[in-house]
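Results of the structural survey
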Amino acid sequence: MINALSVDVEEYFHPSELPCSRGPEKWESLPSRVAAQTGRILDLLARHGTKATFFIVGWVAEHHPAMVRRIAEAGHEIGCHSYAHQLVFNLSREAFREDTLRAVRAIEDACGVRTAIYRAPNYSITRQSLWALEILVECGFTHDSSIYPISHDRSGIPGFGRHGQMLETAAGPIYEIPIATATLSRKRVTPVGGGGYLRLLPYRYVAAGIRRINDKESQPACIYFHPWELDPEQPRLAEGLVSRLRTYAGVSHMEAKVDRLVREFRFSGLLSVYAVERAAAAGAGQ
Ligand SMILES: [Zn+2]
């Protein structure tokens with residue numbers, strides 16, 4: 001089983017937990033760390049011969065085109081992680097369309113790839129912002145990976161289908177790739193897929209979750225993390241205990257964890273993993 005690996009390429013000052021995350025006005029004055037952080041991830045993946053999908057923030061693509069070119073030239077899939085990293089459910093439809101198209105252009109200008117796979121900042125396609133999928137189809141996207149089928153204070157759709165699935169919108173179909181979850185019982189779904197959980201939980205918990213999805217459900221697991229999560233030297237901008245924990249706990253062990261994950265499991269980019277899945281499902285259905 002090949003699992004799906006993704007990296008959300010944003011600066012350490014972009015996570016929506018942070019007070020400075022609400023728009024690009026302040027970002028120019030903060031020291032950038034994303035190119036060096038992403039470079040370390042590219043080296044790590046190259047050592048293991050592993051490919052991933054890199055979802056890139058459009059603002060980052062404008063500021064670091066050489067880094068985006070390096071990602072594409074290394075053979076990784078290029079995805080879109082919005083332009084200004086704002087929560088989708090806080091935007092109007094028109095503002096979302098504008099932000100998305102601006103990101104697509106910035107990414108294409110940087111590396112020549114017209115991206116067709118989207119990931120919303122902080123998994124902010126929720127029940128109240130499902131309209132975003134229709135706009136993504138209109139903007140040329142064929143795939144989305146923005147739905148976390150868990151109950152969380154600011155993201156997630158509890159009860160949503162936990163595996164890759166075709167969704168119909170008024171503008172046409174889009175293939176949704178939710179983040180990996182494990183079922184503890186019929187009603188309890190727990191996150192496995194990455195970011196804070198990968199950092200905060202012991203490695204064996206995440207590994208057991210992936211094995212369970214692969215072996216018991218015969219499905220790939222979709223995992224994600226951020227470049228800043230592997231950087232113990234980053235400036236600490238989060239305020240308040242919960243926010244600091246969510247943002248920084250476990251950063252000094254994260255690179256070793258990702259290294260072990262990539263050694264012990266097979267991974268590739270989302271488009272290639274789910275193209276195989278969809279072909280297998282179509283074959284089984286005939
Ligand atoms: Zn993000």
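This text goes with the structure placed above it.
Read on for a plain summary of the structure.

Criteria and thresholds
Residues numbered from 1 in each chain as written. Predicted model: local features only at pLDDT ≥ 70, side-chain atom pairs only at ≥ 80, totals over all residues. Heavy atoms only, no water. Core = buried A, V, L, I, M, F, W, Y, C linked by side-chain atoms within 4.5 Å. Buried < 20%, exposed > 50% of the residue type's maximum accessible area, 1.4 Å probe, protein only. Helix = DSSP H or I, 4+ residues; strand = E, 2+ residues; numbered from the N terminus. Contact = heavy atoms within 4.5 Å. Donors = N, O, S within 2.8 Å, 3.2 Å for Na, K, Ca; no water. Axes fitted to C-alpha atoms, helices over the stretch in contact; angles between N-to-C directions. Parallel < 35°, antiparallel > 145°, perpendicular 65-115°, else oblique. Left-handed = near helix turned anticlockwise from the far one by under 90°. Expected span 1.5 Å × (residues − 1). Salt bridge = Lys/Arg side-chain N within 4 Å of Asp/Glu carboxyl O. Phe/Tyr/Trp six-rings, centres within 6.5 Å; stacked < 30°, edge-to-face > 60°. Lys NZ or Arg CZ within 6 Å of the ring centre and 35° of its normal.

Turning to the nonpolar core, a few remarks are in order. Soluble globular proteins tend to bury their nonpolar side chains together. Formed by 73 residues in total, the largest nonpolar core has its most connected members in Val 9, Phe 54, Ile 56, Ile 210, Ile 223 and Leu 261. A total of seven residues in this core trace back to one element, the largest contributor, which is helix H4 (residues 93–111). If we skip the residues at most four places from it in the chain, Ile 223 touches Ala 4, Leu 5, Ser 6, Ala 180, Val 192, Gly 193, Leu 198, Ile 210, Leu 261 and Phe 267. Listed in part, the 14 residues of the second largest apolar core include Ile 117, Ile 150, Cys 222 and Val 273.

What follows concerns helix H5 (residues 131–138). Buried residues dominate H5, accounting for six of its eight residues. Among the residues of H5, Trp 131, Ala 132, Leu 133, Ile 135, Leu 136 and Val 137 are the ones counted as buried. In this structure, the buried side of H5 is in contact with H4, strand E4 (117–118), strand E5 (143–144), strand E6 (165–169) and strand E7 (172–176). Positive phi appears at Gly 140, one or two residues downstream of H5, with a value of about 95°.

Surrounding the zinc ion are the protein donor atoms Glu 10 (OE), His 81 (NE2) and His 85 (NE2), which sit 2.0 to 2.1 Å from the metal. All donors to the zinc ion come from one chain, and their sequence spacing reads E-x70-H-x3-H. Among the residues examined, His 85 registers a relative accessible area of 4% and is labelled buried.

For the rest of this paragraph, the subject is the packing of H4 against H5. Each pair of packed helices can be summarised by the angle the axes make with each other and by the distance between the axes. Running from N to C, H4 and H5 point in directions that differ by 40°, and their axes come no closer than 10 Å. Taken together, the axes of H4 and H5 lie oblique to each other. Here the hand of the crossing between H4 and H5 comes out right-handed. The residues of H5 that touch H4, namely those facing Arg 93, Phe 96, Arg 97 and Thr 100, are Trp 131, Ala 132, Glu 134, Ile 135, Leu 136 and Glu 138.

The next thing to look at is helix H1 (residues 34–48). The first and last C-alpha atoms of H1 sit 21 Å apart over 15 residues, in line with the 21 Å expected at 1.5 Å per residue. Burial in H1 covers these residues: Val 34, Gln 37, Thr 38, Gly 39, Ile 41, Leu 42, Leu 44 and Leu 45. On its buried face, H1 is in contact with strand E1 (2–9), strand E2 (53–56), helix H2 (58–63), helix H3 (65–73), strand E10 (222–225) and helix H9 (251–264). In the stretch just after H1, Gly 49 is the one whose phi turns positive, near 65°.

Counted under the stated rule, the structure contains 13 salt bridges. Between Arg 97 and Glu 94 there is a salt bridge whose closest N-O contact spans 3.3 Å. On the criterion of helical spacing, the pair formed by Arg 97 and Glu 94 is a turn pair, its members being three residues apart in helix H4. Its relative accessible area of 23% is what places Arg 97 among the partly exposed residues. By relative accessible area, which is 47% here, Glu 94 ends up partly exposed. The partner of Glu 229 in a salt bridge is Arg 199, and the shortest N-O contact between them spans 2.7 Å. Residue Glu 229 is found in the loop between E10 and helix H8 (241–248), and its partner Arg 199 is found in helix H6 (residues 196–200); the two are separated by 30 residues along the sequence. The class for Glu 229 is buried, based on a relative accessible area of 0%. Of the residues examined, Arg 199 reaches a relative accessible area of 4% and is grouped as buried. One network of salt bridges, with partners in common, ties together Arg 47, Asp 259 and Arg 263.

This part is about the packing of aromatic side chains. Scanning all chains against the criterion turns up 13 aromatic pairs. Residues Tyr 118 and Phe 141 carry aromatic rings whose centres are separated by 5.7 Å and whose planes lie at 80° to one another, so their mutual orientation is edge-to-face. With Tyr 118 in strand E4 and Phe 141 in the loop between H5 and E5, this pair connects stretches of sequence that are 23 residues apart. Three or more aromatic residues joined by ring pairs form one cluster here, namely Tyr 12, Phe 13, Trp 27 and Trp 59. If you follow Arg 102 out to its NZ or CZ, it ends over the ring of Tyr 83, 3.9 Å from the centre.

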